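Below are the chains, spelled out letter by letter.
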Amino acid sequence: VTTQGRRTKIAIIGAGSVGATIAYACQIRGVAQTIAIYDIDGKKTRAEVLDLNHGLQFTPVASIIGSDDIEIIRGADVVVTTAGAKQKPGQTRIELADTNVRLAQSLMEQCVEVTPDALHLIVTNPCDVVTYAALKASGLPPGRVFGSGTVLDSSRFRYLLAEHCRVAVQNVHAYILGEHGDSEIPIWSGANVGQVPIDQYVPTGGKPLTDEDKARITHDVVHAAYEIIEGKGATWYAVGLAVTRILEAILHDENRVLPVSTLLDDYEGISDVCLSVPAVVNRRGVARTLDISLSGEELAGLRASADAVRSVAQSLRL
Ligand SMILES: NC(=O)c1ccc[n+]([C@@H]2O[C@H](COP(=O)([O-])OP(=O)(O)OC[C@H]3O[C@@H](n4cnc5c(N)ncnc54)[C@H](O)[C@@H]3O)[C@@H](O)[C@H]2O)c1
C-alpha cells in the first residue's frame, strides 16, 4: 500500500532469469500487492507464475499474475524491463545493443499505451544505451524512465571492500559510477567505512588498502558478471535484490540516494547520455542528481565513460 493507502502494482517484462528473480525478491519483501509478469513466451511465464504462487503461504500477501498478453501490465505503477538477449560467455554488454535497443523501443511504445502513468525501470543490457533509447521512444520526462545502472555494481564494490575491511557491507559507503559496463569507475575519493576514509581504514588484524588491492577490487567488480556468466550462464540473484531495492525506494517514496542510470544534463559538463550518478529516487522517479566532489582522475573516467556510451547510442542513430 502506498503512503496514500492505494494498491500498488509492479509489472515485469521478461520472465527470464532476471525477471523471475526480481518477482521472487519482490514477493519475499512484500514490495507491492500485485506483481504482473509479461513475456512473449506464455508457457514459461505460466510456469514461473505458478512456481511463485505456490510459495505465497510463506510470504506477504500478494497477487502474482502473468501472461503473453501485454494487457496484464495495465495500471502498473512501475514497469521493469528485463526482456532481451543476454551476454553469452565472453560477450560484452555493448554487443547486445543493436538487438536490445530495437526491442526496448517497440516494447516502450506498447507499454506507454497500457500504463500511461507508470515509471519505467530498465534492466536490459546494455542498460545505459537501452535506457536512453527507451526514454526517447517513450516521449516521457527524463525522471520517469531510468535504468538500474550501477546499483548492482556498487553493491559488488561494497561487498569486496567490506570483505577487505572486515565490516558489514551496510557500513561501507562507496559508489561505482558511469556505465553499467566495462568503462564504469570506482569512486575511491569518497569511499569510507563509518566515516573513516577508505585509505585510512585499518582492518582489525589487517592492513589499509594498497594500490594493488584497489586495482584488484576494481578489476573484480568490472569482471564480476563475466565470471558468473562463465560459471552459470547468467547473473540473477544480486540484480534481483538491487532492482527490488530501487522499486522499494519508488513505491515507498523514500527519497533514497541510488546510482541509477539517468539522462544527464550538464552534469560536470556531461549531457545527452544516460549514465549512473548518485540520484534521489522517490515515487515520482528520479527527482534530482547529486553533485559530488570527484578527483581529477575520477572526473576524467566519468567523461570517458559518457563518451563510450554516447558513441554506442550514436552508432545506433539514437
Ligand atoms: N542491468 C543489470 O544489472 C543486469 C544484470 C543481469 C542481467 N541483465 C540483463 O537482463 C536481460 C535479461 O537477462 P536474463 O538472464 O533474464 O535473460 P533470459 O534469456 O533468461 O530472459 C529474457 C526473456 O525475455 C523474453 N523476451 C524476449 N523478447 C521479448 C518481448 N518482445 N516481449 C517480452 N518478453 C520478451 C524472453 O522470452 C525471455 O524469457 C539481459 O539483457 C541481461 O544482460 C542486466
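Up top you'll find the structure we're talking about.
Quick look at the structure, then. Predicted, not measured: the structure shown is a model, and the values here were computed from it. (Residues numbered from 1 in each chain as written. Predicted model: local features only at pLDDT ≥ 70, side-chain atom pairs only at ≥ 80, totals over all residues. Heavy atoms only, no water.)

## Considering the overall build of the chain
Within the chain, the secondary structure is distributed over 9 helices and 16 strands. Rg of the C-alpha trace for the chain: 19 Å, near the compact-globule value of 20 Å for 318 residues, within the 12% margin. Its C-alpha atoms put the chain at 55 × 45 × 40 Å along the principal axes. By the burial criterion, 54% of the 318 residues in the chain qualify as buried. Across the chain, every contact between residues at least 6 apart in sequence was considered, and the portion connecting residues at least 24 apart equals 72%. Accessible surface for the chain amounts to roughly 14200 Å². Of this, 51% is attributable to carbon and sulfur atoms. (Helix = DSSP H or I, 4+ residues; strand = E, 2+ residues; numbered from the N terminus. Rg over C-alpha atoms; globule rule 2.2 N^0.38 Å. Buried < 20%, exposed > 50% of the residue type's maximum accessible area, 1.4 Å probe, protein only. Contact = heavy atoms within 4.5 Å. Areas by Shrake-Rupley, 256 points an atom, 1.4 Å probe, with all protein chains shown as cover.)

## So, the sheet that holds strand 12 (residues 256-258)
An order of 12-15-16 is seen for the 3 strands of this open sheet, with the pairing classed as antiparallel. Unpaired on one side and paired on the other, strand 12 and strand 16 (285-289) mark the two borders of the sheet. Recorded for the sheet is a direction-independent mean angle of 40 degrees between the axes of neighbouring strands. Examined bridge by bridge, strand 12 and strand 15 (residues 279-282) share 3 bridges and lie antiparallel to one another. Bridging from a neighbouring strand, valine 257 pairs with valine 280 of strand 15. (Pairing = 2+ DSSP bridges. Axes fitted to C-alpha atoms, helices over the stretch in contact; angles between N-to-C directions.)

## Some details on the packing of aromatic side chains
Per the stated rule, a full pass over the model turns up 2 aromatic pairs. Between phenylalanine 157 and tryptophan 188, the aromatic rings sit 5.1 Å apart at their centres with planes inclined by 80 degrees, giving edge-to-face as the arrangement. Residue phenylalanine 157 is located in helix 5 (residues 151-165), and its partner tryptophan 188 is located in the loop between strand 9 (185-186) and strand 10 (192-193); the two are separated by 31 residues in the primary sequence. Tryptophan 188 matches phenylalanine 157 in its accessibility class, with the two residues each being buried. Lying across the ring of tyrosine 175, arginine 158 places its NZ or CZ 5.1 Å from the centre. Across the ring face of tryptophan 236, the terminal group of lysine 232 is positioned such that the distance to the ring centre comes to 3.8 Å. (Phe/Tyr/Trp six-rings, centres within 6.5 Å; stacked < 30°, edge-to-face > 60°. Lys NZ or Arg CZ within 6 Å of the ring centre and 35° of its normal.)

## Section: helix 5
For helix 5, with 15 residues, the first-to-last C-alpha span of 21 Å sits near the 21 Å given by 1.5 Å per residue. With respect to burial, helix 5 is a largely interior element, 12 of its 15 residues being buried. Along helix 5, the positions that sit buried rather than exposed are Val151, Leu152, Asp153, Ser154, Arg156, Phe157, Arg158, Leu160, Leu161, Ala162, His164 and Cys165. Taken from the residues just after helix 5, arginine 166 is the one with a positive phi, measuring 60 degrees. (Expected span 1.5 Å × (residues − 1).)

## Describing the side chain of asparagine 100
Note on placement: asparagine 100 falls in helix 3 (residues 97-114). Here asparagine 100 falls in the buried class, since its relative accessible area comes to 1%. Aside from chain neighbours lying at most four places away, what touches asparagine 100 is Gly84, Ala85, Thr124, Asn125 and Val130.

## Here's the deal with the site of the ligand
Lining the immediate surroundings of the ligand are 26 residues, of which Val18, Asp39, Ala85, Val123 and Asn125 lie closest. A distance of 3.1 Å is found between an oxygen atom of the ligand and a backbone nitrogen or oxygen belonging to serine 17. Taking 870 Å² as the accessible area of the ligand by itself, protein coverage stands at 85%. When residues of the shell around the ligand are traced back to their parent elements, those giving at least two are helix 1 (17-29) and helix 3. Looking at the shell around the ligand, the element that brings in the most residues is helix 3, giving 3 residues. Along the lines of polarity and charge, the residues of the shell around the ligand split into 13 nonpolar, 10 polar and 3 charged. (Near = heavy atom within 4 Å. Polar contact = N/O pair within 3.5 Å; in protein donor to acceptor, adjacent residues only side chain to side chain. Nonpolar A, V, L, I, M, F, W, Y, C, P; charged D, E, K, R; others polar.)

## Notes on the pairing of strand 5 (residues 119-122)
Burial along strand 5 is two-sided: the residues Leu119 and Leu121 and His120 and Ile122 are all buried. Here 4 bridges tie strand 4 (residues 78-81) to strand 5, and the two strands are oriented parallel to one another. Each bridged residue has a counterpart across the sheet, and for threonine 81 the counterpart in strand 5 is isoleucine 122. What joins strand 4 to strand 5 is helix 3, and the crossover it makes is right-handed. In this sheet, strand 6 (residues 145-147) lies alongside strand 5 in parallel orientation, the contact comprising 3 bridges. Residue pairing in the sheet places isoleucine 122 in a bridge with glycine 147 of strand 6. Handedness of the crossover joining strand 5 and strand 6 through helix 4 (residues 127-138): right-handed. (Right-handed = clockwise from strand over helix to strand, strands pointing away.)

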